[in-house]
Structure formats: C-alpha cells, structure tokens
Amino acid sequence: MQASEVLIRNVRPQDLDDCCAVESYGFSPEEMASRETIQLRIETFPQGFFVAEVDGRVIGMANGACTNKDDISDEELKQLIGHDPDGKNMVIFALAVLPEFQKQGIAKRLIQQFVEGAKRNKKEKVFLMCKPHLIAYYEGMGFLHMGLSRSTHGGAQWHEMCLPLKD
Ligand SMILES: CC(C)(COP(=O)(O)OP(=O)(O)OC[C@H]1O[C@@H](n2cnc3c(N)ncnc32)[C@H](O)[C@@H]1OP(=O)(O)O)[C@@H](O)C(=O)NCCC(=O)NCCS
C-alpha cells in the first residue's frame, strides 16, 4: 500500500494497541516485546519513541532508551532498567514497519528522527542490534558494524551496530 501522507511523531499513550500490532508483525513471539514492556516504554520515555502515522493509524515505530554504557547486550535495559535520560548514548530496541508499508523509506525516516533527537540532546552514539541481513541497510545510514553481540535475545544471533554522533 502506498503511504500518501506519513507523519513521523512521538508516541502517545493511545498508540499502545497499534504499537503492539506493529511489534507482533515485525518480530517472532520469542523476540517481541510484551504489551507491558511497550506500555512501559511509552510511559517512561516517549521522547525516544517515534511512530509513523498514516490516516490516523500507527504503521511503524522506532523506540529506545538512554544509557551511559557502551555494552548494549544486557536484557535489562529493554525493560528500561538502567535507563538514564541523561546517559551519553542511545540504544534503539525496535524498528518495525507493517509489511504493506515497507520499502517506502518509512523506517529510514523513523531512524532519522531518532538520530536527530539524539544529536539535539548531545548524545555520543546510537547503538542497535540487528540480524545479518540488515547490516548493509544500517551501514547505508552511517552505522558501523561492531561485530557479533553477546546477546542471544529470542534465541537469535545479533550484530551490534553503532552510529557515532561526535567527531
Ligand atoms: C527492517 C524494516 C523496519 C525496514 O522497513 P522499511 O520501511 O521497509 O525500510 P526502508 O523503506 O527505509 O528501506 C527498506 C528497503 O527499501 C528500499 N526503499 C526505500 N524506499 C523505497 C522506495 N520508495 N521504493 C523502493 N524501495 C525503497 C530501501 O533502499 C531499502 O532497501 P535495502 O533493504 O536494499 O537497503 C522492516 O522490513 C521491518 O519492519 N522488518 C521486520 C522487523 C525488523 O526486522 N526490524 C529490524 C530490527 S533490527
């Protein structure tokens, strides 16, 4: 489906159902965040939670947290344990767009908004973990491939990517 008008904005509490639907389309049951976790992210750190809206419906999202660590493999941060809004780095937990809206640059716009926010707040780096087939996609947006992660989240193998924001 062609997304004629896509609005990228910060999440709102009423987006919870749509965000859960996007998460469930994007990730396996083992990998996906629970409704409670998504609600916690929305309530705790909406500044780091962006959604793509089409015709009043959320069809994509990028969400994350801040940390002072450079190690992003720990599971606790995904529950925002250790999240510090003043932390020097940001981590993106989930990036997903509903299948019928993919390949139109919507995920790229979500990442751009996330990164612009990180720059505005003077963060040093943006980290994320991805599957091997998406390494080149993130490299295309300036991320550096850091290698295989210690994380085995959802029983999968993950690669760590890092976007340095300062020289
Ligand atoms: C990964 C994901 C978020 C990408 O979403 P998307 O909105 O399709 O991403 P984009 O449109 O920015 O880019 C996807 C591809 O479409 C291409 N594209 C972008 N705009 C396009 C357009 N107008 N026409 C054709 N192709 C286009 C991009 O070049 C890119 O190609 P590449 O994969 O060869 O680099 C989406 O596939 C998804 O939700 N997957 C499941 C969840 C997941 O794996 N998330 C990542 C976790 S790390």
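Presented here is an overview of the structure given in this document. Not measured: the values here are computed from a predicted model. Going along each chain's sequence as written, the residues are numbered from 1 onward. pLDDT decides what is reported in this predicted model: residues at 70 or higher carry local features, side-chain atom pairs at 80 or more are listed and counted, and totals for whole chains, interfaces and linings draw on all residues regardless.

### Regarding the site of the ligand
Line of reasoning, step 1. We call a residue near a molecule or strand when its C-beta atom, built from the backbone, sits within 6 Å of it. Around the ligand, a shell composed of 15 residues is seen, among which G26, Q102, A107, K108 and C130 lie nearest.
Line of reasoning, step 2. Three classes are used: nonpolar for Ala, Val, Leu, Ile, Met, Phe, Trp, Tyr, Cys and Pro, charged for Asp, Glu, Lys and Arg, and polar for all others, with Gly counted as polar. Looking at the shell around the ligand residue by residue, the classes come out as eight nonpolar, five polar and two charged.

### Remarks on the pairing of strand β5 (residues 125–130)
Line of reasoning, step 1. Note on pairing: DSSP must find at least two bridges between two strands before they are called paired. By definition, any uninterrupted DSSP run of H or I lasting at least four residues is a helix, any uninterrupted run of E lasting at least two residues is a strand, and each is numbered from the N terminus. Relative to β5, strand β4 (residues 89–97) is paired through four bridges, and the arrangement is parallel. Residue pairing across strands places N89 opposite K125, the latter belonging to β5.
Line of reasoning, step 2. Orienting the strands away from the viewer, one traces the path from the first strand over the helix to the second; a clockwise path indicates a right-handed crossover. At this point the chain moves from β4, through helix α3 (residues 106–120), to the parallel β5, and the crossover so formed is right-handed.

### A look at α3
Line of reasoning, step 1. For a helix, the expected span equals 1.5 Å multiplied by the residue count minus one. In this model α3 runs 21 Å from its N-terminal to its C-terminal C-alpha over 15 residues, within 8% of the 21 Å that 1.5 Å per residue would give.
Line of reasoning, step 2. Three exposure classes are used. Buried residues have 20 or more other C-beta atoms within 10 Å of their own C-beta, exposed residues have 12 or fewer, and partly exposed residues fall in between, all C-beta atoms being placed from the backbone. For α3, the set of buried residues is I106, A107, L110, I111, F114, V115 and A118.
Line of reasoning, step 3. Check the buried side of α3 and you find it contacts β1 (7–10), β2 (49–54), β3 (57–67), β4, β5 and β7 (159–164).
Line of reasoning, step 4. Remark: K122 follows α3 within two positions and exhibits a positive phi of approximately 60 degrees. Residues are treated as contacting if the C-beta atoms built from their backbones sit within 7 Å of each other.

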